[in-house]
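A closer look at the structure
Residues per chain, in single letters:
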Amino acid sequence: MTLSGTNLYLRALEPEDLDFIYQIENDESIWQVSNTQTPYSKFLIRQYLENAHQDIYEAKQLRLAICVKESNIAIGLIDLFDFDPKNKRAGIGIVIQNDADRSKGFGKEALDLLIKYSFKQLQLHQLFANIGSDNVPSINLFTTFGFEKIGVKKDWNYSNNAFQDELLFQLINS
């Protein structure tokens, strides 16, 4: 599966993505946004990639690599999770691996592609995102697309010896 935009494309994960995913999953600087608490082994990631062929209806999630067209290099991941076809909703999350690739519009283009796919192909009624209250870049990114803050989970995540609120954002496909 490939979704193509102007500067990047989203593609299904491949076995060759092992080292890339290993780096992202074990990057402690982004554990807070991914709710990761322990490192992942290459063995576990290899097993995950072996099952990545499962369709979203079977796996209840979809993880795609964000790749720059010019270089064909993967720079991040974008996910649909908690896929609920009965109620026509899913969670959505995104991570761009390196600071150097952030603030270049890649996240915006990737999110736009996956929102359109979710509403047109999957015919979802709504998407939701869980964002830490201190993650201003993500809040700005999601609100650009009309996501509205619908709730606050008080003291939801514990990080750096303090509790942080997590905000719940929702986008309804009207």
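This text gives an overview of the structure that appears in the document. Every chain is numbered independently, its residues counted from 1 as its sequence is written. Since the coordinates come from a predicted model, pLDDT governs what is reported: local features require at least 70, and pairs of side-chain atoms require 80 or more to be given and counted, while whole-chain, interface and lining totals use all residues. In computing side-chain values, all of the structure's heavy atoms are included and hydrogens and water are not.

1. Things to note about the nonpolar core
Note on soluble globular proteins: their nonpolar side chains tend to be buried together. Condition: What makes a nonpolar core is a set of buried Ala, Val, Leu, Ile, Met, Phe, Trp, Tyr and Cys residues whose side-chain atoms join them at distances within 4.5 Å. Note on exposure labels: buried denotes an accessible area under 20% of the residue type's maximum, exposed denotes more than 50%, and partly exposed covers the range between, all computed with a 1.4 Å probe on protein chains only. Where helices and strands are cited, they refer to DSSP runs of H or I of at least four residues and of E of at least two residues respectively, numbered from the N terminus. The contact definition used throughout considers only heavy atoms, calling two residues in contact when any of these lie within 4.5 Å.
Grouped together as the largest cluster of nonpolar side chains are 35 residues, with contacts concentrated most on Leu10, Leu80, Ile92, Leu114, Leu127 and Phe147. Residue assignment for this core shows that the elements contributing at least two residues are strand S2 (8–12), strand S3 (62–68), strand S4 (73–84), strand S5 (89–96), helix H5 (106–120), strand S6 (126–132), helix H6 (136–144) and strand S8 (162–172). With 8 residues, H5 is the single largest residue contributor to this core. In contact with leucine 80, not counting residues within four places along its chain, are Ile56, Gln61, Leu62, Ala90, Gly91, Ile92, Leu114, Ser118, Leu122 and Leu127. Among the nonpolar cores identified, the runner-up in size contains 14 residues, and Tyr9, Leu18, Phe20 and Ile21 belong to it.

2. Some thoughts on the side chain of glutamate 109
Keep this limit in mind: Here Asp and Glu are counted as negative and Lys and Arg as positive; His is not counted, and neither are the chain ends. Basic side-chain nitrogens of Lys or Arg form a salt bridge, by our definition, when they fall within 4 Å of a carboxyl oxygen of Asp or Glu. The definition of a polar contact used here is a pair of N or O atoms within 3.5 Å, where within protein one atom must be able to donate a hydrogen and the other to accept one, and adjacent residues in sequence count solely through side-chain atom pairs.
Relative to the helices and strands, glutamate 109 is located in helix H5. One buried charged residue, glutamate 109, forms no salt bridge at all, with the nearest opposite charge on lysine 69 at 6.1 Å. In terms of polar contacts, glutamate 109 uses its side chain to reach the backbone amide nitrogen of threonine 6, at 2.5 Å. Those residues in contact with glutamate 109, other than ones at most four positions away along the chain, are Gly5, Thr6, Asn7 and Leu8.

3. Quick word on the sheet that holds strand S7 (residues 148–159)
To keep things clear, this is the line we draw: Pairing between strands is defined by DSSP: at least two bridges between the two strands are required. Angles run from 0 to 180 degrees between N-to-C directions of axes, and those axes are lines fitted to C-alpha atoms, restricted for helices to the stretch in contact.
Strands sit in the order S1-S2-S3-S4-S5-S6-S8-S7 across an open sheet of 8 strands; the sheet is mixed. Two strands close off the open sheet at either side, each with one partner strand: strand S1 (2–4) and S7. Neighbouring strand axes in the sheet, compared pairwise and without regard to direction, differ in orientation by 25° on average. Sheet topology note: the S2/S3 ladder contains 5 bridges and is antiparallel. Its bridge partner being in S3, tyrosine 9 is matched across the sheet by cysteine 67. Contacts between H5 and the sheet are confined to S1, S2, S3, S4, S5, S6 and S8, with S5 contributing the most and set at about 160° to the helix. Along the sheet, H6 makes contact with S5, S6 and S8, crossing S6 at roughly 165°.

4. Regarding the pattern of salt bridges
Taken as a whole and judged by the stated rule, the model has 9 salt bridges. Among the salt bridges present, the one from lysine 116 reaches aspartate 112, with a minimum N-O distance of 3.0 Å. Linking lysine 116 with aspartate 112, this pair stays in helix H5, spanning 4 residues, or about one helical turn. The exposure class of aspartate 112 is partly exposed, given its relative accessible area of 24%.

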